[in-house]
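Below, each chain spelled out in residue letters.
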Amino acid sequence: MKHSTFYIAIVSVVSIVLIGFSCWHNTPLYFEVPKSFPKPVYDFQKNPLTEEGFQLGRNLFYDPILSKDNTISCASCHLQQTGFAHVDHQLSHGIDGKIGTRNALTIQNLAWAKNFMWDGGVNHLEVQPVNPITNASEMNETLANVVVKLQQSEKYRALFEAAFGPQKITGQLTLKALAQFVVMLKTSNSKYDHVINGTEKFTDVEQKGYALFRQNCASCHQEPLFTNDKFENNGLTPDSTLNDIGRMRITQKSADYLKFKVPTLRNIQFTFPYMHDGRFKTLNEVVNHYNSGVLQQKTLSAKLKKPLHLSDNERTEIVAFLKTLTDREFLFNPAFGYPRN
């Protein structure tokens with residue numbers, strides 16, 4: 001009789017646990033690959049996208065709770081309306097008014113990226129947030145402290161449970177949630193895309209600019225992502241104040257001196273200032289640099305050895321084409337904005 005009672009008790013407990021777990025479910029989120037795009041690099045099987053995971057990541061992205069003094073969020077340097085870059089200063093800003101050493105890179109189409117940061121110091125999307133969170137000039141926090149703050153928040157306890165079930169909030173889950181949000185920041189609906197898909201046409205000026213772009217720029221800024229995800233020395237005069245040696249800081253190889261990640265040109269009209277140190281404010285300045293301002297250096301990209309010698313009209317045409325890479329739906333998509341509810 002005692003054994004029967006014990007068995008019934010065990011079965012009851014197991015049933016309650018199973019019922020508890022069966023009550024938790026989330027909503028799968030579909031990541032659509034644009035028609036002209038290659039296969040994504042990001043492994044979605046290891047971090048399946050869900051609406052709840054996306055919304056958790058979205059809340060984390062906009063919340064200064066990730067910083068030591070609760071004043072700086074990811075969005076502080078990555079504003080949606082400017083292509084998830086910043087426009088009000090050349091270099092990134094952090095807590096206590098501290099200034100970083102590099103311009104904040106745009107966040108878009110990261111499902112196709114293998115390397116992150118200007119020097120490629122991070123090679124996985126789920127690890128990337130650790131860098132700004134722990135950087136003394138940015139958020140100056142530890143992931144462990146972030147987790148403690150999240151565990152103490154009723155809001156985040158609910159959001160984490162909705163996304164990942166009734167398990168403890170961890171640093172790994174925090175990073176996975178952030179990845180689910182930023183990997184969805186996909187841009188593929190610009191005028192350029194409409195032209196490629198045959199639903200719109202370039203103006204004469206844009207068409208000429210496109211031809212010039214393909215002739216002079218596309219080897220590094222490869223379509224349709226407009227980056228080759230590699231590192232190049234683009235002939236900038238080194239900043240004697242920053243003394244930034246680029247990818248060489250990571251590899252310790254002299255061949256990588258002054259090489260920086262080739263950024264995407266999508267939404268380039270709004271992602272100023274330009275270059276790793278934010279030295280250029282306008283696209284005209286950028287084109288002028290490549291036309292006649294490239295500094296000949298030992299590690300200079302072979303693609304830039306010869307000056308472009310573009311006329312004033314040709315430089316104007318290239319800029320006109322670059323503006324066709326603007327995707328206003330992406331820049332103003334409410335799903336990517338601050339979570340007000």
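Residues numbered from 1 in each chain as written. Predicted model: local features only at pLDDT ≥ 70, side-chain atom pairs only at ≥ 80, totals over all residues. Heavy atoms only, no water.

Participant: Talk me through the packing of helix α10 (residues 283-293) against helix α11 (residues 312-322); I want residue IDs and the actual numbers.
Facilitator: Direction vectors running N to C along α10 and α11 enclose 130 degrees, while the axes themselves pass 10 Å from each other. Between α10 and α11, the crossing angle belongs to the class labelled oblique. Regarding α10 and α11, the two cross each other, and that crossing is right-handed. Where α10 abuts α11, its residues Leu283, Asn284, Val287, Asn288 and Asn291 lie against Arg315, Ile318, Val319 and Leu322. Looking at the contact of α10 with α11 residue by residue, the classes come out as five nonpolar, three polar and one charged. (Axes fitted to C-alpha atoms, helices over the stretch in contact; angles between N-to-C directions. Helix = DSSP H or I, 4+ residues; strand = E, 2+ residues; numbered from the N terminus. Parallel < 35°, antiparallel > 145°, perpendicular 65-115°, else oblique. Left-handed = near helix turned anticlockwise from the far one by under 90°. Contact = heavy atoms within 4.5 Å. Nonpolar A, V, L, I, M, F, W, Y, C, P; charged D, E, K, R; others polar.)

Participant: Any chance you could break down the pattern of salt bridges for me, citing the residues and the numbers?
Facilitator: Using the criterion set out here, one finds 12 salt bridges in the structure. Measuring nitrogen to oxygen at the nearest pair gives 3.0 Å for the salt bridge that ties Lys149 to Glu141. The buried category is assigned to Glu141, whose relative accessible area is 7%. A cluster of three or more residues bridged by salt bridges with shared partners is formed by Arg102, Asp119, Asp244 and Arg249. (Salt bridge = Lys/Arg side-chain N within 4 Å of Asp/Glu carboxyl O. Buried < 20%, exposed > 50% of the residue type's maximum accessible area, 1.4 Å probe, protein only.)

Participant: Explain the side chain of Lys259 to me, using residue names and the numbers behind them.
Facilitator: Mapping Lys259 onto the fold places it in the loop between α9 (248-251) and β2 (260-261). At 4.1 Å, Asp256 is the nearest oppositely charged side chain to Lys259, a buried residue that forms no salt bridge. Within the structure, the side chain of Lys259 is placed 3.2 Å from the backbone oxygen of Ala255, a separation counted as a polar contact. Excluding residues within four positions of it along the chain, Lys259 makes contact with Phe231, Glu232, Asn233, Ile245, Gly246, Arg247 and Thr299. (Lys, Arg positive; Asp, Glu negative; His and termini not counted. Polar contact = N/O pair within 3.5 Å; in protein donor to acceptor, adjacent residues only side chain to side chain.)

Participant: Quick rundown of the packing of aromatic side chains? Include the residues and the values.
Facilitator: All chains considered together, the criterion is met by 22 aromatic pairs. Each ring, one from Tyr62 and one from Tyr338, has its centre 5.7 Å from the other, and the planes form 80 degrees; the classification is edge-to-face. One end of the pair, Tyr62, is in the loop between α2 (51-61) and α3 (130-134); the other, Tyr338, is in the segment after α12 (328-331), and 276 residues separate them in sequence. Judged by relative accessible area, which is 14%, Tyr62 ranks as buried. Pairwise contacts between aromatic rings join Phe54, Phe61, Tyr62, Phe84, Phe181, Phe330, Phe336 and Tyr338 into one cluster. A cation over an aromatic ring shows up here: Arg247 above the ring of Phe231, its NZ or CZ 4.3 Å from the ring centre. (Phe/Tyr/Trp six-rings, centres within 6.5 Å; stacked < 30°, edge-to-face > 60°. Lys NZ or Arg CZ within 6 Å of the ring centre and 35° of its normal.)

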